[in-house]
Amino acid sequence: MSTLANPPSILEMSQEIKKSCGDKQVEITVERIKMAKSLKEKQSNDLEKVAFKRKAEGDEKPAGKKEAKIIELDSLLITMPLPHIPLKNIMDVEVKLVYVDEEKVSYEFVESYPSTGNRPTCRAAEIADPLHGPNFSVLPQIDKWLQVALKDASSCYRQKKYAVAAGQFRTALELCSKGAVLGKPFEASAEDIASVASFIETKLVACYLRMRKPDLALNHAHRSIVLNPAYFRNHLRQATVFRCLERYSEAARSAMIADYMFWLCGGSEHGISKLIKLYWQAMIEEAITRAESFSVMYTPFATKIRADKIEKVKEVFTKIHPAYVEFIYTDFQGLHVLPQTVDWSSFPPQQYLLTLGFKNKEDGKFLEKMSSRKLPTFTEHKTPFSLLTREDTVRHMETMGKRILPILDFIRGTQLNGSFRACSGVMEKLQYASLLSRLQRVKEQSQVINQAMAELATIPYLQDISQQEVELLQSLMADAMDTLEGRRNDKERVWNTIQKVGRIEDFLYQLEDSFLKTKKLRTARRQKTKMKRLQTAQQS
């Protein structure tokens, strides 16, 4: 796994947020959950209007056409080919959307909630004068020293002095950590402070990418999302960093979320969405091409999944991928979408059933076992009440890092909803971070936790969450930040508690299975003994 920035910068993100926002971090989480809910309600209302309009128009047409379309979709049992997308096309997308307006200095503010209670907008306001830099008069009053630092950094960036610019943007982050963000810090909203910090983080991402140092850009990409999860470019920049690190499954998921966020926040330019989808498609194609231990098939459908349909899917998969039939796994955890057909404004969008075939039977069985658990936990630990030895920790870490997380990342590359359930990937990453901590692999642990925090910050925008899940989300974010700051013992972390409960549940299930098997054997023996006695009595 890639190691990131030098040790002094490992804890930057949490300290910046804590120092600049203080106790407002919880307020940010709550407000963002409200904002996400409001956005989804607005889009849901818009979808209902469109559906009503389509229904009214459809009443004038023969009903047979709709049924034929469903049957046609339901009968498609083939993998959708992913045409090769040249690297030049991918680079063009990055130039247009990731390194956009490099001659300008744009602040990507998320508008705060208006006091009237109207729907908030998460479209970033990019306000700049290409010749004279940012138009600070229209933005919240930036601290004067921070303003100077940002102007100097942006000037160096425009001159392609990326290393110098990166140093000056880091200086700007230090000023943020000391409270020098907005001119009136006590009147500033937590969202405005977070937006300024997010802007600086994204500029550092651009600098390090231009310097061809994506490993240094990665944590900054994660932090920009934690600070401003609603802005689609932050997710696309993260996708670019993942691509440069050859982590294509994670790049695909980031691009998918970028496209969804663009639509959710009111993006109407079809050209931008088309470019994002092209990038998403290219990342999926690359992930499939590079996968060695498994192969994949997406099956479109429009009706309820039946048992006989699953068997047909497996038959087709066997014919198409005969080398990957040691174990065939069908993902029932959530339905999938593909960039070639997805239309977020259409409800529901075209959905697919994901089928994975493995060369190694044990890998497929392992995935099936994990997905069947109620709690997101991984354990091969036979004694749940004892501590892991170092050898066990190393073995578990390698299994998680090489056998579990890569497959989960691939599955999530076409599955939008984020959650806390088993195989969702988020909790598994945090549990993986705890294993890294035990082995004192601090840089890798920091990267994994920052990535998990970015995913947690995004979850409220991807799905509706209950009050219980809101509380769990807040606890996970707080524990993750405390871990980055080196506070408290790892045993107290929420994800470790869940891991322990999962281990105990597994242990109890094993005892139950053992008891039932023993009972069954005893019953069989008794019946056998009884039959022998009867036969002996009859013979005598």
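- The name given to the protein chain in an unreviewed UniProt entry is Spermatogenesis-associated protein 16, with the source organism recorded as Bos mutus.

**A word on the overall build of the protein chain**
Phase 1: Per the secondary structure count, the protein chain includes 18 helices and five strands.
Phase 2: By residue count, 51% of the 540 residues in the protein chain fall in the buried class.
Phase 3: The long-range fraction of contacts in the protein chain, counting pairs at least 24 apart against all pairs at least 6 apart in sequence, stands at 75%.
Phase 4: Only carbon and sulfur atoms are counted for the fraction: they give 54% of the accessible area of the protein chain, which is about 26900 Å².

**Details of the sheet that holds strand β3 (residues 294-301)**
Sheet strands pair via backbone hydrogen bonds, and the direction of the pair is either parallel or antiparallel.
Phase 1: Taken in spatial order, the three strands line up as β3-β5-β4 in an open sheet, and their pairing is antiparallel. Edge strands, defined here as strands with exactly one partner in the open sheet, are β3 and β4 (327-330). Adjacent strand axes in the sheet meet at a mean angle of 20 degrees when their direction is disregarded.
Phase 2: With four bridges joining them, β4 and strand β5 (residues 351-358) adopt antiparallel strand pairing. If you follow Ile328 over to β5, its bridge partner there is Gly357.

**Quick word on the environment of Asn234**
Phase 1: Tracing the sequence through the fold places Asn234 in helix α9 (residues 232-244).
Phase 2: Spatially, the C-alpha atoms of Asn234 and Ala221 are 6.9 Å apart, while their sequence positions differ by 13 residues.
Phase 3: A distance of 3.4 Å separates polar atoms of two side chains, one belonging to Asn234 and the other to Ser198.
Phase 4: Among the polar contacts listed, one links the side chain of Asn234 to the side chain of Arg237, at a separation of 3.2 Å.

**Remarks on unusual backbone geometry**
Phase 1: The phi dihedral of Glu246 is positive, around 60 degrees, even though this residue is not glycine.
Phase 2: Relative to the assigned elements, Glu246 resides in the loop between α9 and α10 (248-264).
Phase 3: In the Ramachandran plot, Gln440 falls in the positive-phi region, its phi being about 60 degrees despite a non-glycine side chain.
Phase 4: Position of Gln440 relative to the elements: it lies in the loop between α15 (426-438) and α16 (442-462).
Phase 5: Gln440 gets classed as exposed once you look at its relative accessible area, which sits at 68%.

**Focus: helix α5 (residues 144-158)**
Structurally, the α-helix is built with 3.6 residues per turn, so residues lying three or four positions apart point the same way.
Phase 1: For α5, which comprises 15 residues, the first-to-last C-alpha distance of 21 Å matches the rise-based estimate of 21 Å (1.5 Å per residue) to within 8%.
Phase 2: Every buried residue of α5 is listed here: Leu146, Gln147, Ala149, Leu150, Ala153, Ser154, Cys156 and Tyr157.
Phase 3: The elements touched by buried residues of α5 are α6 (162-177) and α7 (190-210).
Phase 4: Just downstream of α5 lies Lys160, where phi reads positive at about 65 degrees.

**Here we look at the nonpolar core**
Phase 1: Residues Ile200, Trp280, Trp344 and Leu356 are the most contacted members of the largest nonpolar core, which totals 123 residues.
Phase 2: For this core, the element with the most residues is α10, which contributes twelve residues.
Phase 3: The residues contacting Ile200, other than those within four sequence positions of it, are Leu146, Leu150, Phe169, Ala172, Leu173 and Cys176.
Phase 4: If you look at the next biggest cluster of nonpolar residues, it comprises nine residues, including Met297, Phe301, Phe317 and Leu353.

**A look at the confidence of the model for the protein chain**
Phase 1: Averaged over all residues, the pLDDT of the protein chain equals 76, while 69% of them reach at least 70.
Phase 2: Helix α3 (residues 64-74) is the least confidently modelled element of the protein chain, averaging 32 in pLDDT, while α9 averages 97, the highest of any element.
Phase 3: Per-residue pLDDT stays below 50 along residues 1-24; that stretch engages in 61 contacts with residues further than four places along the chain or on separate chains.
Phase 4: Counting contacts from residues 59-79, a segment whose pLDDT is below 50, to residues more than four positions away or on other chains yields 25 contacts.

**Observations regarding the pattern of salt bridges**
Phase 1: A complete count under the given rule lists twelve salt bridges for this structure.
Phase 2: As a salt-bridge pair, Asp92 and Lys88 come within 3.2 Å of each other at their nearest N and O atoms. Of this pair, Asp92 and Lys88 both sit in helix α4 (residues 87-98), four residues apart, which is roughly one turn of the helix.
Phase 3: Accessibility expressed as a relative area gives 29% for Asp92, which makes it partly exposed.

**Remarks on helix α17 (residues 467-484)**
Phase 1: The end-to-end C-alpha distance of α17 is 26 Å, a good match for the 26 Å that 18 residues give at a rise of 1.5 Å each.
Phase 2: Within the span of α17, buried status applies to Val470, Leu473, Leu476, Met477, Asp479, Ala480, Met481, Asp482, Thr483 and Leu484.
Phase 3: One or two residues past the end of α17 sits Gly486, with phi positive at roughly 75 degrees.

**Observations concerning the packing of aromatic side chains**
Phase 1: Summed over the entire model, instances satisfying the criterion amount to eight aromatic pairs.
Phase 2: On the numbers, 5.2 Å between centres and 65 degrees between planes, the contact of Tyr157 with Tyr162 is edge-to-face.
Phase 3: The exposure class assigned to Tyr157 is buried, which follows from its relative accessible area of 9%.
Phase 4: Measuring from ring centre to ring centre gives 5.6 Å for Tyr231 and Phe232, while their planes differ by 65 degrees; the resulting arrangement is edge-to-face.
Phase 5: On the basis of relative accessibility, which here comes to 4%, the residue Tyr231 falls in the buried class.
Phase 6: Residue classification places Phe232 among the buried positions, given a relative accessible area of 9%.
Phase 7: Aromatic ring contacts, followed pair by pair, group Tyr260, Trp263, Trp280 and Trp344 into a single cluster.
Phase 8: For Arg403, the ring lying beneath its charged end belongs to Phe366, and the centroid distance is 4.4 Å.

Reading the values: the criteria
Along every chain, residues carry numbers that run from 1 in the direction the sequence is written. Whole-chain, interface and lining totals are the exception, using all residues; otherwise, since this is a predicted model, local features are given only for residues with pLDDT of at least 70 and side-chain atom pairs are given and counted only at 80 or more. The side-chain figures draw on all heavy atoms in the structure; neither hydrogens nor water molecules are used. Strands are runs of DSSP state E lasting at least 2 residues, helices are runs of H or I lasting at least 4, and numbering of each runs from the N terminus. Categorising residues by exposure relies on relative accessible area from a 1.4 Å probe, with only protein chains included: less than 20% of the type maximum marks a residue as buried, more than 50% marks it as exposed, and the intermediate range marks it as partly exposed. Any pair of residues with heavy atoms lying within 4.5 Å of one another is described as a contacting pair. With residues, only the protein chains shown are counted as cover, and all accessible areas are computed by Shrake-Rupley using a 1.4 Å probe. The criterion for strand pairing is that DSSP finds at least two bridges linking the strands in question. Axis angles are defined between N-to-C directions and span 0 to 180 degrees, where every axis is a line fitted to C-alpha atoms and, for a helix, only to the segment in contact. Pairs of N or O atoms are called polar contacts if they sit within 3.5 Å, as long as, within protein, a hydrogen donor faces a hydrogen acceptor (for residues adjacent in sequence, only side-chain-to-side-chain pairs). In a helix, the anticipated span is given by 1.5 Å times the number of residues less one. Only buried Ala, Val, Leu, Ile, Met, Phe, Trp, Tyr and Cys residues count toward a nonpolar core, and they belong to the same one when joined by side-chain atoms within 4.5 Å. pLDDT measures how confident the predictor is about each residue, on a scale from 0 to 100. Whenever a carboxyl oxygen of Asp or Glu lies within 4 Å of a side-chain nitrogen of Lys or Arg, that contact is scored as a salt bridge. Each Phe, Tyr or Trp ring, with Trp reduced to its six-membered ring, pairs with another whose centre is within 6.5 Å; inter-plane angles below 30 degrees give stacked pairs, above 60 give edge-to-face pairs, and intermediate values give tilted ones. Criterion for a charge above a ring: Arg CZ or Lys NZ at most 6 Å from the ring centre, at most 35 degrees from the ring normal.

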